[in-house]
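Residue strings, one per chain:
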Amino acid sequence: MCENVTGNSQKANSLKAEQEALPDLTRLFKKNRRDESVLKTAKTLLVRGMPHGKVALLLRLDPEFVAELAKTWNPRFRRVAYTSQWTTKLTVREYFDSGAMLEKICVDLHLPLFSVVQFLKQDGITPQQMQARWPEHDNQLVIEFRKTVQRHAQRKQKPPRLH
């Protein structure tokens with residue numbers, strides 16, 4: 001029984017020694033937290049979908065700080081790269097050629113109906129061809145489309161310059 005007690009006390013002493021040997025990381029965490037390049041990298045990794053625990057490990061940041069940053073840095077409203085209009089136009093045309101409804105094209109590509117219609121008109125699609133795939137008249141996309149068309153009709157146009 002005496003050996004068991006001395007064994008436990010030796011384990012307790014070794015744990016205390018290990019805890020004392022560990023460095024205090026709060027200064028490192030605070031220093032890294034103030035570094036703009038580290039913070040920008042953390043935000044970029046969070047936007048790309050990396051879990052906040054892994055970001056904290058990679059960048060040597062405080063896990064609670066990164067978890068809070070992940071909550072406030074909403075990746076739904078952050079885009080890493082914007083697609084060009086030319087690429088979007090090709091994608092809209094491929095959707096239309098595959099037989100997709102205009103509402104599905106708008107939802108999948110996060111575009112307003114007005115933009116989709118303009119892209120299709122530029123590709124030579126007539127309004128009669130689009131009419132079969134048009135959403136219902138009380139759909140929110142159609143309501144916004146009408147508002148946009150009305151706003152564009154009221155815009156002043158510059159006269160063309162001849163020379």
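Owing to the predicted nature of the structure, the values given are computational and were not obtained by experimental measurement.

Cut-offs and rules
- Residues numbered from 1 in each chain as written.
- Predicted model: local features only at pLDDT ≥ 70, side-chain atom pairs only at ≥ 80, totals over all residues.
- Heavy atoms only, no water.
- Helix = DSSP H or I, 4+ residues; strand = E, 2+ residues; numbered from the N terminus.
- Buried < 20%, exposed > 50% of the residue type's maximum accessible area, 1.4 Å probe, protein only.
- Contact = heavy atoms within 4.5 Å.
- Core = buried A, V, L, I, M, F, W, Y, C linked by side-chain atoms within 4.5 Å.
- Salt bridge = Lys/Arg side-chain N within 4 Å of Asp/Glu carboxyl O.
- Axes fitted to C-alpha atoms, helices over the stretch in contact; angles between N-to-C directions.
- Parallel < 35°, antiparallel > 145°, perpendicular 65-115°, else oblique.
- Left-handed = near helix turned anticlockwise from the far one by under 90°.
- Nonpolar A, V, L, I, M, F, W, Y, C, P; charged D, E, K, R; others polar.
- pLDDT = per-residue confidence, 0-100.
- Phe/Tyr/Trp six-rings, centres within 6.5 Å; stacked < 30°, edge-to-face > 60°.
- Lys NZ or Arg CZ within 6 Å of the ring centre and 35° of its normal.

**Student:** In this structure, what is going on with the overall build of the protein? I would like to understand it.
**Tutor:** The helix and strand inventory of the protein stands at 10 helices and zero strands. Taken from the N to the C terminus, the helices and strands of the protein come in the order α-α-α-α-α-α-α-α-α-α. Of all 163 residues assigned to the protein, the portion counted as buried reaches 23%. Taking contacts inside the protein between residues at least 6 apart in sequence as the whole, the part at least 24 apart equals 53%.

**Student:** Looking at this structure, how should I read the nonpolar core?
**Tutor:** Side chains of nonpolar character tend, in soluble globular proteins, to be buried together. One finds Leu102, Leu113, Val116 and Leu120 to be the most contacted residues of the largest nonpolar core, which totals 19 residues. Contributing elements (two or more residues each) for this core: helix H6 (85-97), helix H7 (102-109), helix H8 (113-122) and helix H10 (140-154). Among the elements that line this core, the one with the most residues is H8, at six residues. Residues contacting valine 116, with those up to four places away along its chain left out, are Val92, Leu102, Ile105, Cys106 and Leu111. Core analysis: the next-biggest nonpolar cluster, separate from the first, contains 11 residues, Leu39, Ala42, Leu45 and Ala56 among them.

**Student:** Sorry if this is basic, but what is going on with the pattern of salt bridges here?
**Tutor:** Charged atoms that come close allow side chains of opposite charge to pair. Within the structure shown, the criterion is met by five salt bridges. With a shortest N-O distance of 3.8 Å, lysine 147 and glutamate 144 are connected by a salt bridge. Of the two residues, lysine 147 and glutamate 144 both sit in helix H10, three residues apart, roughly one turn of that helix. Here glutamate 144 falls in the partly exposed class, since its relative accessible area comes to 36%. Salt bridges sharing partners connect three or more residues here, namely Lys89, Arg93, Asp97 and Asp123.

**Student:** Would you take a moment to explain unusual backbone geometry for this structure?
**Tutor:** The bulk of non-glycine residues show a negative phi, and the bulk of peptide bonds are trans. A positive phi angle, close to 55°, is found at arginine 60, a residue other than glycine. Tracing the sequence through the fold places arginine 60 in the loop between helix H4 (52-59) and helix H5 (63-72). Given a relative accessible area of 57%, arginine 60 falls into the exposed group. Even without glycine at this site, histidine 110 takes up a positive phi of about 55°. Positionally, histidine 110 belongs in the loop between H7 and H8.

**Student:** Would you mind showing me how to read the packing of H4 against H5 here?
**Tutor:** Helix-helix packing is described using two parameters, namely the angle between the two axes and the distance between the axes. It is at 9 Å that the axes of H4 and H5 come closest, and there the two elements cross at 130°. As judged from the angle between their axes, H4 and H5 are oblique. For H4 against H5, the interelement crossing comes out right-handed. Together, His52, Val55 and Ala56 of H4 and Pro63, Val66, Ala67 and Ala70 of H5 make up the contact between the two elements. A breakdown of the residues in the contact of H4 with H5 according to their chemical character gives six nonpolar, one polar and no charged.

**Student:** What should I look at first to understand the confidence of the model for the protein in this one?
**Tutor:** Any segment with low pLDDT has predicted coordinates that should not be analysed in fine detail. Of the residues in the protein, 73% reach a pLDDT of 70 or more, and the chain-wide mean stands at 80. No element of the protein has a lower mean pLDDT than helix H1 (residues 2-21), at 57, and none a higher one than H8, at 94.

**Student:** Looking at this structure, how should I read the packing of aromatic side chains?
**Tutor:** Centre-to-centre distance and the angle between the planes together describe a pair of aromatic rings. Across all of its chains, the model carries two aromatic pairs by this definition. Each ring, one from phenylalanine 114 and one from phenylalanine 145, has its centre 6.0 Å from the other, and the planes form 40°; the classification is tilted. Highlighted residues: phenylalanine 114 in helix H8 and phenylalanine 145 in helix H10, separated in sequence by 31 residues. Here phenylalanine 114 and phenylalanine 145 have matching classes, each one buried. Ring geometry for tryptophan 134 against phenylalanine 145: centres 5.2 Å apart, planes inclined by 80°, an arrangement best described as edge-to-face. Of the two residues, tryptophan 134 is situated in the loop between helix H9 (127-131) and H10 and phenylalanine 145 in helix H10; the sequence distance between them amounts to 11 residues. Both residues of the pair, tryptophan 134 and phenylalanine 145, count as buried. Here the aromatic cluster, defined as three or more aromatic residues joined through ring pairs, consists of Phe114, Trp134 and Phe145. Directly above the ring of phenylalanine 96 sits arginine 133, whose terminal nitrogen or CZ lies 4.0 Å from the centroid.

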